[in-house]
Amino acid sequence: MKIVAVAGARPNFMKIAPLMWELRRRDGVSSYLVHTGQHYDEKMSKLFFVELNIPRPDIDLEVGSGSHAVQTAEVMKRFEPVLLDQHPEAVLVVGDVNSTLACALTAVKLGIRVAHVEAGLRSFDRTMPEEINRLLTDAISDWLFVTETSGIDNLRHEGIPAEKIHFVGNVMIDTLLACRDRAEASPILDQLGLQRGSYGVLTLHRPANVDNPEVFSRLMGAIEQLARELPIVFPVHPRTRRSLAAVGAERLPGLILTEPLGYLDFLKLVAHARLVLTDSGGIQEETTVLGVPCLTLRENTERPVTCSQGTNRLVGLNPERIVAEGLQVLTSPSVGRVPELWDGQAARRIVDILTASHSSLAS
Ligand code: UD1
């Protein structure tokens, strides 16, 4: 069975890693890895390939940045000849970025079956670009691999036949569990002068939070207040870097700005944090597994299991509420448990299902 696997942006890399490890160790499966080039900075891309032992991409489409239409269309234009050349039996896409949708759509138009890893998540907020990518990718995929049971309900509700839906667990957690020991060796806490359990971590990059100076400045006002209680480390995404200067929040007491961090440094930093504040999807899941309290600075989440079972709390964008919830977590930290099947075996289950359905088609 030949599978073309796709990765394009930073949150894809920790999802594709365990799938590539698994694909490359199986007999009878050949894999071809495509990097779309949606993310291209050393710290947003190459570092992850090195740290996570992801094989070198067989091709880099080098699409770079652009408007949503330009980026999506460029990926499609450059991905189509790869598929015509490779003739795979399946295309494997992960997550919800523009590259995910672009490659799924290109494949399905050529009659190639699509496997979507992390299917079924829904924020029910169609102003999020990722929500559109999730809905459309799921509608045209042949295998829908789900991380949490809400995904099964969402897909059934959208009329996806049950036999296409597979609840397999979470590949991002496969990576976290595989890298936990190596991350412990990271010197990041010493480098930043931090003690375990005595600092917070902040990440912000969603357009809805960082592109509007008014919204972003109110959020940073809340962070400024919390940073009086404990130091807060803020690895800054390239999109956010521009906005920080615009609202004059580059130097706040207690706030430690860094460049985007590699996977191992970031995992170590989060694992020993007292509190995480984020608008990322993946970090809500990682903090749940690490048992670290997480405040999500959004009005909704597509990952409800992180709130119902994990350590995550949705706190919205109101600065007073963010500060109040932050102070509360410092005195009584949220506790949770690890969701079902987040056990480090998701990639194995996925590759088992793909190869079994190929064998049954071939016989
Ligand atoms: C993308 C994903 C988002 C994901 C995020 C993680 C979509 C719609 N969005 O958002 O779901 O959570 O990645 O990072 O696919 N830039 C650089 N260097 C890079 C990449 C980007 O400087 O390597 C800058 C560019 O100025 C670019 C901006 O960041 O215009 C935004 O990049 P883009 O890929 O459009 O979206 P993200 O905000 O990164």
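Okay, so let's go over this structure. On a predicted model such as this, the values are computed, not experimentally measured, just so you know.

Observations regarding the overall build of the protein
- When its secondary structure is counted, the protein shows 16 helices and 13 strands.
- Expected size for 363 residues packed as a compact globule is a radius of gyration near 21 Å; at 20 Å, the protein falls within 12% of this value.
- Buried positions account for 57% of the 363 residues belonging to the protein.
- When contacts within the protein are restricted to residue pairs at least 6 apart in sequence, long-range pairs at least 24 apart make up 67% of them.
- Separation between the mean location of the 37 positive side-chain charges and that of the 44 negative ones in the protein comes to 1 Å.

With respect to the packing of aromatic side chains
- Evaluation of the coordinates by the stated rule reveals 2 aromatic pairs.
- Arranged with centres 6.3 Å apart and planes meeting at 45°, the rings of Phe13 and Phe48 form a pair that is tilted. Here Phe48 lies in helix H2 (residues 42–51) and Phe13 lies in helix H1 (residues 10–25), a separation of 35 residues in the sequence. In this structure, Phe13 and Phe48 share a single accessibility class: buried.
- Connected via pairs of aromatic rings, a cluster forms that spans Phe13, Phe48 and Phe49.

Brief notes about the state of the cysteines
- With the rule as written, the count across this model stands at 0 disulfides.
- Sulfur of Cys294: no disulfide; nearest cysteine sulfur belongs to Cys307 and is 8.3 Å away.

Remarks on unusual backbone geometry
- Even without being a glycine, Asn53 presents a positive backbone phi close to 50°.
- Checked against the element boundaries, Asn53 lands in the loop between H2 and strand S3 (59–60).

Focus: helix H3 (residues 68–86)
- Taking 1.5 Å as the rise per residue, H3 with 19 residues should run 27 Å; its terminal C-alpha atoms sit 27 Å apart, in good agreement.
- By the largest-angle criterion, Phe79 marks the main kink of H3, which is about 25°, and a proline, Pro81, follows within four residues.
- Three or more residues of H3 are buried, namely Gln71, Thr72, Val75, Phe79, Val82, Leu83 and Gln86.
- Looking at the buried side of H3, the elements it contacts are strand S1 (2–7), strand S2 (30–35), S3, strand S4 (90–94) and helix H4 (98–109).
- Taken from the residues just after H3, His87 is the one with a positive phi, measuring 50°.

Points about the layout of surface pockets
- Each pocket or cavity is described by its volume, and for the second largest pocket that value is around 280 Å³.
- If you go around the second largest pocket, you meet 15 residues; those closest to its centre are His35, Ser45, Lys46, Pro57 and Asp60.
- Looking at the lining of the second largest pocket, the elements that each hand over two or more residues are H2 and S3.
- Residue composition of the lining of the second largest pocket, grouped by class: 5 nonpolar, 4 polar and 6 charged.

Looking at the site of the ligand
- In the neighbourhood of the ligand, 18 residues make up the surrounding shell, with His39, Asn98, Glu130, His205 and Arg239 lying closest.
- Tyr40 has a polar backbone atom sitting 2.9 Å from an oxygen atom of the ligand.
- Within the backbone of Asn98, a nitrogen or oxygen atom sits 2.8 Å from an oxygen atom of the ligand.
- When the free accessible area of the ligand is taken as 750 Å², the share hidden by the protein chains comes to 87%.
- Mapped by element, the contributors of at least two residues to the shell around the ligand are H3, helix H5 (129–140) and helix H11 (238–246).
- It is H11 that contributes the most residues to the shell around the ligand, 3 residues altogether.
- In the shell around the ligand, the residues fall into 6 nonpolar, 8 polar and 4 charged.
- Looking at which domains feed residues into the shell around the ligand, each of domain 1 (2–169 + 345–362) and domain 2 (185–331) gives three or more.

What counts and what doesn't
Residues numbered from 1 in each chain as written. Predicted model: local features only at pLDDT ≥ 70, side-chain atom pairs only at ≥ 80, totals over all residues. Heavy atoms only, no water. Helix = DSSP H or I, 4+ residues; strand = E, 2+ residues; numbered from the N terminus. Rg over C-alpha atoms; globule rule 2.2 N^0.38 Å. Buried < 20%, exposed > 50% of the residue type's maximum accessible area, 1.4 Å probe, protein only. Contact = heavy atoms within 4.5 Å. Lys, Arg positive; Asp, Glu negative; His and termini not counted. Charge placed at Lys NZ, Arg CZ, Asp CG, Glu CD. Phe/Tyr/Trp six-rings, centres within 6.5 Å; stacked < 30°, edge-to-face > 60°. Disulfide = S-S within 2.5 Å. Expected span 1.5 Å × (residues − 1). Bend = angle between axes of the 7 residues up to and from the residue. 1 Å grid on protein atoms, 1.4 Å probe; cavity = no way out; pocket = protein on both sides within 12 Å on 5 of 7 lines; lining within 4 Å. Points joined across faces, edges and corners; volume = space filled by probe spheres on them. Nonpolar A, V, L, I, M, F, W, Y, C, P; charged D, E, K, R; others polar. Near = heavy atom within 4 Å. Polar contact = N/O pair within 3.5 Å; in protein donor to acceptor, adjacent residues only side chain to side chain. Areas by Shrake-Rupley, 256 points an atom, 1.4 Å probe, with all protein chains shown as cover. Domains from an automatic or database assignment.

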